[in-house]
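Here's the letter readout for the chains.
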Amino acid sequence: AQTVTQSQPEMSVQEAETVTLSCTYDTSENNYYLFWYKQPPSRQMILVIRQEAYKQQNATENRFSVNFQKAAKSFSLKISDSQLGDTAMYFCAFVGGRNQGGKLIFGQGTELSVKP
Amino acid sequence: GAVVSQHPSWVICKSGTSVKIECRSLDFQATTMFWYRQFPKQSLMLMATSNEGSKATYEQGVEKDKFLINHASLTLSTLTVTSAHPEDSSFYICSARSGTSGYTDTQYFGPGTRLTVL
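Residues numbered from 1 in each chain as written. Chains lettered and ligands numbered in written order. Predicted model: local features only at pLDDT ≥ 70, side-chain atom pairs only at ≥ 80, totals over all residues. Heavy atoms only, no water.

**Quick word on the overall build of chain A**
Tallying secondary structure elements over chain A gives zero helices and 12 strands in all. Its C-alpha atoms give chain A a radius of gyration of 14 Å, within 12% of the compact-globule value 13 Å for 116 residues. Viewed in the frame of its principal axes, chain A has a C-alpha envelope of about 45 × 25 × 20 Å. Counting only residues that meet the buried cut, chain A has 48% of its 116 residues in that class. Within chain A, contacts between residues at least 6 apart in sequence are counted, and of these 56% link residues at least 24 apart. A total of about 5,700 Å² of accessible surface is found on chain A, and carbon and sulfur atoms cover 43% of it. Taking the average location of the 11 positive side-chain charges in chain A and that of its 10 negative ones, the two points are 8 Å from each other. (Helix = DSSP H or I, 4+ residues; strand = E, 2+ residues; numbered from the N terminus. Rg over C-alpha atoms; globule rule 2.2 N^0.38 Å. Buried < 20%, exposed > 50% of the residue type's maximum accessible area, 1.4 Å probe, protein only. Contact = heavy atoms within 4.5 Å. Areas by Shrake-Rupley, 256 points an atom, 1.4 Å probe, with all protein chains shown as cover. Lys, Arg positive; Asp, Glu negative; His and termini not counted. Charge placed at Lys NZ, Arg CZ, Asp CG, Glu CD.)

**Notes on the state of the cysteines**
Tallied over the full model, the rule gives two disulfides over all chains. Through a disulfide, A:Cys23 is tied to A:Cys92; the S-S separation comes to 2.0 Å. On the sign convention where negative is left-handed, the bridge of A:Cys23 and A:Cys92, at about -70 degrees about the S-S bond, is left-handed. Placement of A:Cys23 in the loop between β3 (19-21) and β4 (24-26) and of A:Cys92 in strand β10 (residues 88-96) is noted, with a sequence separation of 69 residues between them. A relative accessible area of 2% means that A:Cys23 is categorised as buried. For B:Cys23, the disulfide goes to B:Cys94, at an S-S distance of 2.0 Å. One quick way to see it: the torsion about the S-S bond of B:Cys23 and B:Cys94 is about 80 degrees, and its sign makes the bridge right-handed. You can see B:Cys23 sitting in strand β3 (residues 19-25) and its partner B:Cys94 sitting in strand β9 (residues 90-97), a full 71 residues away along the chain. Across the pair, exposure class does not vary: B:Cys23 and B:Cys94 are buried alike. B:Cys13 takes part in no disulfide bond, and the closest cysteine sulfur, belonging to B:Cys94, lies 18 Å away. A relative accessible area of 9% means that B:Cys13 is categorised as buried. (Disulfide = S-S within 2.5 Å.)

Rendered as structure tokens:
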């Protein structure tokens, strides 16, 4: 069974600084996708970034980038130039395997606070 | 990007009554919709998967008779919490997927519905 683990329940960072959120996963699948979702206080889930496992190049979206280490099954999110609006719960998620029905498997979440 | 709406955004009901939550894909046809439950400061817990025109598939431990799911069209799925009790109070989120390729299709999330049962 696939699992996703986020070992940092809470993190804080000063505005304009860089922070890295950790995520590890376990799967026997070779083809899968990994995601980082942001859930701000409004509780709307927002897709931050997506990584396809067969792509070696790390995905980037403006200030957000990932460090995807397939062999180590690690998928960390780096937020550069942190902004107050980045304050949110961040979830790492996995989807893969043709027989899994496209179900997203979420980690426990990391609550990020950006301080002025 | 694709938009998913939920209605209502917040509902308060008395214990023993039933509540229906709607999930709509506004600008795409959703072949599959997922229903999640989330408690404060916790992760999303998948309750069930619904495919248009067929019965929903429930996750282990989720009561099928308590949480009725209907996916009658390609743009609408409903979750009915029957005979609601205070322990059913939670935040319910739906997501929708447009394709049939399985895990390669992006899921789009609704804004969620807060249910409070008195």
